[in-house]
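Descriptive structure summary
Next come the chains, spelled out residue by residue.
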Amino acid sequence: MIAYNLRCHRGHEFEGWFRDSAAFDEQARGGRLNCPSCNSARVEKAIMAPAVTGTKKSVRAKAGDAGQMRQFMTGLRKYVQENADYVGPDFAEEARKIHYGETPDRHIYGETTAGEAKELVEEGIDIAALPPDLDSAN
């Protein structure tokens, strides 16, 4: 697989994954590439830096990326905890009450089973998993 940075004629940039460079060329010629922002079929490869593997610099960059991801996840969790009501194991029930207008609209977080989460999604209730608390994980 190969990833290309792509750009449409309106300047929207996005990423595309292809089996090989020939697959990109074939899809581009056939008009089968579309910009996810504006649906334009005028898509070309954008300038991108080459990926060089096996260097100490790339290993350090990956470690830095992991640190940035951990920091992001910790920040997201903190933001939710500071700006939403904790409803504990009653999450599914509270989410339904909010969705169906039985209780005032507000941001909530809590626990639910995978089955309950699936049911919420099937009902059209927007939910998202909260990143784990990495600082308290043992």
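These numbers come from a predicted model, not from an experiment.

Rules of the game
- Residues numbered from 1 in each chain as written.
- Predicted model: local features only at pLDDT ≥ 70, side-chain atom pairs only at ≥ 80, totals over all residues.
- Heavy atoms only, no water.
- Phe/Tyr/Trp six-rings, centres within 6.5 Å; stacked < 30°, edge-to-face > 60°.
- Helix = DSSP H or I, 4+ residues; strand = E, 2+ residues; numbered from the N terminus.
- Buried < 20%, exposed > 50% of the residue type's maximum accessible area, 1.4 Å probe, protein only.
- Polar contact = N/O pair within 3.5 Å; in protein donor to acceptor, adjacent residues only side chain to side chain.
- Pairing = 2+ DSSP bridges.
- Contact = heavy atoms within 4.5 Å.
- Salt bridge = Lys/Arg side-chain N within 4 Å of Asp/Glu carboxyl O.
- Axes fitted to C-alpha atoms, helices over the stretch in contact; angles between N-to-C directions.

In this description, an aromatic ring pair is defined by two values, namely the gap between the centres and the angle between the planes. Counted under the stated rule, the structure contains four aromatic pairs. Relative to Phe18, the ring of Tyr4 lies with its centre 6.0 Å away and its plane at 45°, an arrangement referred to as tilted. In this pair, Tyr4 sits in strand 1 (residues 2–8) while Phe18 sits in strand 2 (residues 13–18), placing the two residues 14 residues apart along the sequence. Between Phe18 and Phe24, the aromatic rings sit 5.3 Å apart at their centres with planes inclined by 85°, giving edge-to-face as the arrangement. In this structure Phe24 comes out as buried when scored by relative accessible area, which is 6%. Through a chain of ring-to-ring contacts, the aromatic side chains of Tyr4, Phe18 and Phe24 assemble into a single cluster.

With that settled, consider helix 1 (residues 21–29). Where helix 1 begins, one side-chain oxygen reaches toward the backbone nitrogen of Ala22, 3.2 Å away; that side chain belongs to Asp20. Following helix 1 by one or two positions, Gly31 has its phi on the positive side, about 70°.

Because side chains alternate across strand 2, one face comprises the buried residues Phe14, Gly16 and Phe18, and the other comprises Glu13, Glu15 and Trp17, none of which is buried. Note that strand 1 and strand 2 share six bridges and pair antiparallel. Paired with Ile2 across the two strands is Phe18, which belongs to strand 2. As consecutive antiparallel partners, strand 1 and strand 2 are separated by four residues, and within that stretch Gly11 has a phi angle of approximately 95°, a positive value.

Moving on to the environment of Cys38. If you trace the backbone, Cys38 turns up in the loop between helix 1 and strand 3 (43–45). Residue classification places Cys38 among the partly exposed positions, given a relative accessible area of 22%. With 26 residues separating them along the chain, Cys38 and His12 place their C-alpha atoms 8.1 Å apart. Discounting chain neighbours no more than four positions away, the residues touching Cys38 are Cys8, Arg10 and His12.

One pass over the structure, following the stated rule, counts nine salt bridges. One salt bridge in this structure joins Arg32 and Glu26, with 3.5 Å as the shortest N-O distance. In this structure Glu26 comes out as partly exposed when scored by relative accessible area, which is 41%. Of the charged contacts, one joins Arg96 and Glu119 as a salt bridge, the two residues approaching to 3.4 Å between their closest N and O atoms. On the criterion of sequence distance, the pair formed by Arg96 in helix 3 (residues 91–99) and Glu119 in helix 4 (residues 114–122) is long-range, its members being 23 residues apart. Each of Asp85, Glu93, Glu94, Lys97 and Arg106 takes part in a single network of salt bridges with overlapping partners.

A word on the sheet that holds strand 1. Overall, antiparallel pairing links the three strands, which are arranged 2-1-3 in an open sheet. In this open sheet, the two edge strands, each paired with only one partner strand, are strand 2 and strand 3. Each strand axis lies, on average, 40° off the axis of its neighbour in the sheet, ignoring direction. Helix 1 rests against strand 1, strand 2 and strand 3 of the sheet, and its axis sits at about 30° to strand 1.

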